[in-house]
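Each chain, letter by letter, is given below.
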Amino acid sequence: MVQEMSEGAVTLSLDGLILFSNASFAAMLGRPLERVIGERLVDVFVPGDAVLVSALLQSTGRRKAEVHLRMVDAAPLPVYLSVQNVLLNGIGSLCAIITDLSDQKRFTEITAVLEAVPAGVFIAQDAECRNILGNSWAHELLRMQAPANISKSAFEIEKPRTWREFKDGIEIPAGDMPTQLAARTGQRVRDFEFDVLFDDGVFRTWLGNAVPLFDPTGRPRGAVSSFIDITERRRSAEALEAANAELRSFGDALTQDLREPLSMVVKFTQLLAEEYRGRLGQDADAYISDSVKAAQNIEALLKALLNYWAVTQQSGLTPSSVDCNQMLSRTLRHFHAAIQETGATVTTSALPTMVADEPLLEQVFRTLIGNALQYRGKAAPTIHISAEATYDRWLFSVRDNGIGVDAKNPEHIFGMFKRLHGSEIPGTGIGLTLCKKIVERHGGRLWVERAPENGAAFRFTIPASLDAILKSSLPKT
């Protein structure tokens, strides 16, 4: 009977020498049985427990304590040691039972983790989900008192369920819930969003995930699932979408109702300047000239706003293979006159062929190179464009020797309508904001670094992976 016990059992002399050991104790130690017999019991425990084990052996009556076995190539094994004096053939001896506590310790640790997780965790203990246990959050979600069996069949026995589950307005059969699906099919269930309607009219939205559990033969034997309440998140998303819809309507109205009248203002002001220049006096000429410039600035600002609006409202990118060298050549041809006029020197290293939305990426290059030409210093502009491969993305750089940026707050220039030099240099204050948005839509990042002497280096990253770009291309709500 002792040999068949799952616990370790040993007989000891009064000084703690092991006279007999069953196979279970030898298996706990990971040693052959013949090496266990004849060893001192105190030596099989960790040194820190030696004093406690010695005290147990020298005491009388039934005594017990939690101690740790010393393992050869593993962490100490927590065990429960129980010692009692016995008579064997009239000779005083000791009998000790050693119980492995590792499973119990692991269960305690897992239970603590489950209670700490801010989600409802359900454990189906059979493939039919007849017996489902849950942590405290699970019972809170279902407005139940723990502990209880929270499976549907158990409630048919104990009391009726007080909730129903719906997806897209249709009640979900019990067998199609995440826990039941995973337990029945052996397949993982991800991001299952559904609604829970309680009998008192309370309506909540949950998001669930489930993974199956398998027996030694590989057959599903249950499942573990987790659920979180996303009701407030969904309401916020719906409110944000409603606000975005109103904003889109406003943008459309801005496009149709403001653009045409503004074009007429610019047109007739220019006609007025051409018709009456020099006939109404110098003051009148100055007023008309200022009016034309102001109207043109408003027109340019409106055009920039509409471009920014188009990018932010675009449902996704249109990725294709882009030869960045050819794209840069087109950009430089666009600025040919400005380069000649300013005496600029533009150099470039070899650029990659990559996946991107070509029109949007070209807009980034045009803005950064255009700014380098426009925000120049006293010396002729020197611009260098380069790219290098990093771990999973391309790092681009557009460096110039211009007037530079504010060293204390360089990120300031990426804000909407932020212009470091006021009205001294023409511009709308939207170009860099739009560049930042385009780069972020590609899953990258745009920033600026002040050059050691003068000028600035604008750097941005674009993922090398098409999957990363496609995942980042959807607008954030």
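Everything that follows concerns the structure shown earlier in this document.
Residues numbered from 1 in each chain as written. Predicted model: local features only at pLDDT ≥ 70, side-chain atom pairs only at ≥ 80, totals over all residues. Heavy atoms only, no water.

Draft legend 1. Region of the structure containing the packing of helix α10 (residues 324-334) against helix α12 (residues 358-374). As a packed pair, α10 and α12 sit with axes 10 Å apart at the nearest point and diverge in direction by 50°. When the axis of α10 is compared with that of α12, the two are oblique. The chirality of how α10 crosses α12 is right-handed. Counting all contacts with α10, which are made through Cys324, Met327, Leu328, Arg330, Thr331, Leu332 and His334, the residues of α12 involved are Glu358, Leu361, Glu362, Phe365, Arg366 and Ile369. Residue classes in the contact of α10 with α12 are distributed as seven nonpolar, two polar and four charged. (Axes fitted to C-alpha atoms, helices over the stretch in contact; angles between N-to-C directions. Helix = DSSP H or I, 4+ residues; strand = E, 2+ residues; numbered from the N terminus. Parallel < 35°, antiparallel > 145°, perpendicular 65-115°, else oblique. Left-handed = near helix turned anticlockwise from the far one by under 90°. Contact = heavy atoms within 4.5 Å. Nonpolar A, V, L, I, M, F, W, Y, C, P; charged D, E, K, R; others polar.)

Draft legend 2. Representation of the pairing of strand β10 (residues 189-198) in the model. When strand β8 (residues 163-167) meets β10, the two strands line up antiparallel, connected through four bridges. Residue pairing for β10: Phe166 is matched across the bridge by Asp195. Of the strand pairs in this sheet, β10 and strand β11 (residues 203-214) are connected by seven bridges, and their pairing is antiparallel. The partner of Phe192 across the bridge, within β11, is Gly208. (Pairing = 2+ DSSP bridges.)

Draft legend 3. Focus on the sheet that holds strand β18 (residues 446-450). Spatially, five strands are ordered β14-β16-β17-β19-β18 in an open sheet, and the strand pairing comes out mixed. Each having just a single partner strand, β14 (345-348) and β18 make up the two edges of the open sheet. Across this sheet, the average inter-strand angle for adjacent strands is 15°, counted without regard to direction. Two elements, strand β17 (residues 393-400) and strand β19 (residues 456-463), share seven bridges in a ladder whose sense is antiparallel. Bridged to Leu395 within β19 is Thr461.

Draft legend 4. Fine view of the nonpolar core. Phe365 and Phe460 are the most contacted members of the largest nonpolar core, which totals 37 residues. Sorting the residues of this core by element identifies α10, β15 (353-356), α12, β16 (382-389), β17, α13 (431-441), β18 and β19 as the ones contributing at least two each. Take this core: its biggest share by element is eight residues, from α12. What Phe460 contacts, discounting residues up to four positions off in sequence, is Leu361, Val364, Phe365, Leu368, Trp394, Leu395, Phe396, Val439, Arg445, Leu446 and Trp447. (Core = buried A, V, L, I, M, F, W, Y, C linked by side-chain atoms within 4.5 Å. Buried < 20%, exposed > 50% of the residue type's maximum accessible area, 1.4 Å probe, protein only.)

Draft legend 5. Just α12, in detail. Counted at 1.5 Å a residue, the expected span for α12 with its 17 residues is 24 Å, and the 24 Å between its end C-alpha atoms agrees. With 12 of its 17 residues buried, α12 lies for the most part within the structure. Within α12, burial applies to Leu360, Leu361, Glu362, Val364, Phe365, Thr367, Leu368, Ile369, Gly370, Asn371, Ala372 and Leu373. (Expected span 1.5 Å × (residues − 1).)

Draft legend 6. Molecular detail of the side chain of Asn135. Turning to its location among the elements, Asn135 is positioned in the loop between β7 (132-134) and α5 (136-141). One polar contact links the side chain of Asn135 to the main-chain carbonyl oxygen of Ala119, over a distance of 3.1 Å. Reaching out from Asn135, the side chain makes a polar contact with the backbone nitrogen of Ala138 at a distance of 2.9 Å. Ignoring any residue separated from it by four or fewer positions in sequence, one finds Asn135 in contact with Leu114, Glu115, Val117, Ala119, Gly120 and Val121. (Polar contact = N/O pair within 3.5 Å; in protein donor to acceptor, adjacent residues only side chain to side chain.)

Draft legend 7. Structural detail: the pattern of salt bridges. The full count for this structure, using the stated rule, is 17 salt bridges. A salt bridge links Asp43 to Arg40, with the shortest nitrogen-to-oxygen separation between them at 3.1 Å. Under the relative-accessibility criterion, Asp43 is labelled partly exposed at 31%. With its nearest N and O atoms 2.9 Å apart, the salt bridge here joins Arg204 to Asp229. Pair noted here: Arg204 is in strand β11 and Asp229 is in strand β12 (residues 220-229), with a separation of 25 residues, a long-range link. Here Asp229 falls in the partly exposed class, since its relative accessible area comes to 31%. The network of salt bridges with shared partners includes Arg204, Asp229, Glu232 and Arg235. (Salt bridge = Lys/Arg side-chain N within 4 Å of Asp/Glu carboxyl O.)

Draft legend 8. Here's a closer look at the environment of Ala119. With respect to the helices, strands and loops of the structure, Ala119 is situated in the loop between α4 (102-116) and β6 (120-124). The spatial distance from the C-alpha of Ala119 to the C-alpha of Ser136 is 9.0 Å, given a sequence separation of 17 residues. Ignoring sequence-local partners within four residues, the contact set of Ala119 consists of Asn135, Trp137, Phe227 and Ile228.

Draft legend 9. Geometry of unusual backbone geometry. One non-glycine residue with positive phi stands out, namely Asp168, at about 55°. With respect to the element layout, Asp168 can be found in the loop between β8 and β9 (170-171). You can call Asp168 exposed: its relative accessible area is 71%. Within the chain, Asp191 stands out as a residue other than glycine whose phi angle is a positive 45°. In this structure Asp191 comes out as exposed when scored by relative accessible area, which is 54%.

Draft legend 10. Highlighting the packing of aromatic side chains. Tallying each qualifying case throughout the model produces eight aromatic pairs. Between the aromatic rings of Phe194 and Phe227, the centroid separation amounts to 5.9 Å while the plane-to-plane angle is 90°, which identifies the pairing as edge-to-face. Of this pair, Phe194 sits in strand β10 while Phe227 sits in strand β12; the two residues are 33 residues apart in sequence, bridging distant segments of the chain. When sorted by exposure, Phe194 lands in the same class as Phe227, which is buried. Seen from their ring centres, Phe365 and Phe460 are 5.8 Å apart, and the 85° between their planes marks the pair as edge-to-face. Of this pair, Phe365 sits in helix α12 while Phe460 sits in strand β19, and the two are 95 residues apart along the sequence. The class for Phe365 is buried, based on a relative accessible area of 1%. (Phe/Tyr/Trp six-rings, centres within 6.5 Å; stacked < 30°, edge-to-face > 60°.)

Draft legend 11. Up close: the sheet that holds β10. One open sheet accounts for seven strands, arranged β7-β6-β12-β11-β10-β8-β9; its pairing is antiparallel. Each end of this open sheet is capped by a strand with a single partner; those strands are β7 and β9.

Draft legend 12. Looking closely at α13. Of all the positions in α13, only Leu432, Thr433, Leu434, Cys435, Ile438, Val439 and Arg441 are classed as buried. Once α13 ends, the next one or two residues include Gly443, with phi positive near 85°.

These values are about where atoms sit, not about what they do.
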